[in-house]
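Below, each chain spelled out in residue letters.
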Amino acid sequence: MNNKLSFTLRPWRPEDAAAIVPYADDPLVAENLRDVFPNPYRLQDAEAYVRCCVEQEGQGQLCRAIVIDGSPCGSIGLFRGTDVYQKNAELGYWLGRPYWGRGVITGAVKAICREGFAAWDIARIYAEPYDRNLGSRRVLEKAGFTLEGTLRSSVWKQGQLLDSRIYSLLREECVP
């Protein structure tokens, strides 16, 4: 049985905010994201996030809604570096738990990376999942990212010091 799901990526719209709250308001989603992602996650959090995505589009970031069956259920984005990091972009993403393990994020990572390399003169896209987040690490590896190393005790999350991993994808490694 093929359990892969079909999805699309599209720019955020203000009317998307309410649809993501049930997916974002999940402690298992929040536990592997930065603390800027609130938990609990309320409608006003979603409205502020979507507004930021809409207003900042094309200004050093590409934020996309992950849409399944016509409704947004996650987010993925690239955030361009500045100063000496101007040839880099950081990748971030989350997806509602009902869709985990179905190939959605791997496909979304590949798609947003192609879009980012096409839109910007960057050399590298990187991601920094927590060491304990095996699912996200597997996604990056399936999407062609290379593990560069472990950042020891680099993250303070939920009262614990955690290691994180740094992965990268170079322009020439991105499959069109």
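Quick summary incoming for the structure in this document.

1. Let's talk about the overall build of the chain
In step 1: Summing up its helical and strand segments, the chain has five helices and seven strands in all.
In step 2: Going from N to C terminus, the chain has its helices and strands arranged as β-α-α-α-β-β-β-α-β-α-β-β.
In step 3: For 176 residues, the compact-globule estimate of 2.2 N^0.38 gives 16 Å, and the C-alpha radius of gyration of the chain, at 16 Å, lies within 12% of that figure.
In step 4: Taking the principal axes of the C-alpha coordinates as reference, the chain spans close to 45 × 40 × 35 Å.
In step 5: Out of the 176 residues in the chain, the part that is buried amounts to 42%.
In step 6: The long-range fraction of contacts in the chain, counting pairs at least 24 apart against all pairs at least 6 apart in sequence, stands at 62%.
In step 7: Taken as a whole, the chain presents about 9,500 Å² of accessible surface, with 51% of it coming from carbon and sulfur.

2. Some thoughts on the nonpolar core
Soluble globular proteins tend to bury their nonpolar side chains together.
In step 1: One finds Leu91, Val109, Ile125 and Phe145 to be the most contacted residues of the largest nonpolar core, which totals 47 residues.
In step 2: At seven residues, the largest contribution of residues to this core is made by helix 4 (residues 104–119).

3. What about the layout of surface pockets?
In step 1: When its volume is computed, the largest pocket comes out at roughly 1,300 Å³.
In step 2: Around the largest pocket, the lining comprises 47 residues; the ones closest to its centre are Asn32, Leu33, Gly92, Tyr93 and Trp94.
In step 3: Elements supplying a minimum of two residues to the lining of the largest pocket: helix 2 (27–30), helix 3 (43–56), strand 2 (61–68), strand 3 (71–80), strand 4 (88–95), helix 4 and helix 5 (134–142).
In step 4: Grouping the amino acids of the lining of the largest pocket by side-chain chemistry returns 28 nonpolar, eleven polar and eight charged.

4. Remarks on unusual backbone geometry
In step 1: The omega torsion across asparagine 39 and proline 40 is 5°, close enough to zero to call that bond cis.
In step 2: Here aspartate 69, not a glycine, exhibits a phi torsion of approximately 50°, which is positive.
In step 3: Along the chain, aspartate 69 falls in the loop between strand 2 and strand 3.
In step 4: You can call aspartate 69 exposed: its relative accessible area is 78%.

5. Focus: the packing of aromatic side chains
In step 1: This model, assessed by the stated rule, comprises four aromatic pairs.
In step 2: Ring centres of tryptophan 12 and tyrosine 49 lie 5.9 Å apart, and the angle between their planes is 85°; on these two criteria the pair is classed as edge-to-face. Of this pair, tryptophan 12 sits in the loop between strand 1 (8–11) and helix 1 (17–24) while tyrosine 49 is found in helix 3, placing the two residues 37 residues apart along the sequence.
In step 3: Judged by relative accessible area, tryptophan 12 falls into the buried class, the value being 6%.
In step 4: The class for tyrosine 49 is partly exposed, based on a relative accessible area of 27%.

6. A word on the pattern of salt bridges
In step 1: This structure, assessed with the given rule, holds eleven salt bridges.
In step 2: A salt bridge links arginine 97 to aspartate 26; the shortest N-O distance between them is 2.9 Å. Of this pair, arginine 97 sits in the loop between strand 4 and helix 4 while aspartate 26 sits in the loop between helix 1 and helix 2; the two residues are 71 residues apart in sequence, bridging distant segments of the chain.
In step 3: For arginine 97, a relative accessible area of 39% translates into the label partly exposed.
In step 4: Put simply, arginine 124 and glutamate 148 hold a salt bridge, and the shortest N to O gap is 2.7 Å. Taken together, the residues span a long stretch of sequence, with arginine 124 in strand 5 (residues 124–127) and glutamate 148 in strand 6 (residues 146–157) at a distance of 24 residues.
In step 5: Classification of glutamate 148 as partly exposed rests on a relative accessible area of 43%.
In step 6: The structure contains a network of salt bridges with shared partners spanning Glu57, Arg64 and Glu115.

Quick notes on the rules
- Every chain begins its residue count from 1, and numbering advances along the sequence as written.
- This being a predicted model, a pLDDT of at least 70 is required before a residue's local features are given, and a value of 80 or more before pairs of side-chain atoms are given or counted; all residues contribute to the totals for chains, interfaces and linings.
- As a rule here, side-chain values cover all heavy atoms of the structure and leave hydrogens and water aside.
- Only runs of H or I of at least four residues qualify as helices and only runs of E of at least two qualify as strands under DSSP, and these elements are numbered from the N terminus.
- Values of the radius of gyration come from C-alpha atoms, whereas the globule rule sets the reference at 2.2 Å times the count of residues to the power 0.38.
- Summary of the burial criterion: residues with accessible area below 20% of their type's maximum are buried, those above 50% are exposed, and those between are partly exposed, where the area comes from a 1.4 Å probe applied to protein chains only.
- Working rule for contacts: check all heavy atoms of both residues, and any pair within 4.5 Å makes them a contact.
- Surface exposure here means Shrake-Rupley accessible area, sampled with a 1.4 Å probe, where a residue is shielded only by the protein chains that are shown.
- What we call a nonpolar core is a set of buried Ala, Val, Leu, Ile, Met, Phe, Trp, Tyr and Cys residues that are connected through their side-chain atoms within 4.5 Å.
- Think of a 1 Å grid over the protein atoms and nothing else: a 1.4 Å probe that fits but is trapped marks a cavity, an open set flanked by protein within 12 Å on at least five of seven lines marks a pocket, and residues with an atom within 4 Å of a point count as lining.
- Grid points are joined across faces, edges and corners, and a volume is the space filled by probe spheres set on the points.
- The classification used treats Ala, Val, Leu, Ile, Met, Phe, Trp, Tyr, Cys and Pro as nonpolar, Asp, Glu, Lys and Arg as charged, and all other residues, Gly among them, as polar.
- Two aromatic rings from Phe, Tyr or Trp, using only the six-membered ring of Trp, form a pair when their centres are within 6.5 Å; if the ring planes differ by under 30 degrees the pair is stacked, by over 60 it is edge-to-face, and anything between is tilted.
- Note on definitions: salt bridges are taken to be side-chain nitrogens of Lys or Arg within 4 Å of carboxyl oxygens of Asp or Glu.

The quantities given are spatial measurements derived from coordinates; they are silent on function.
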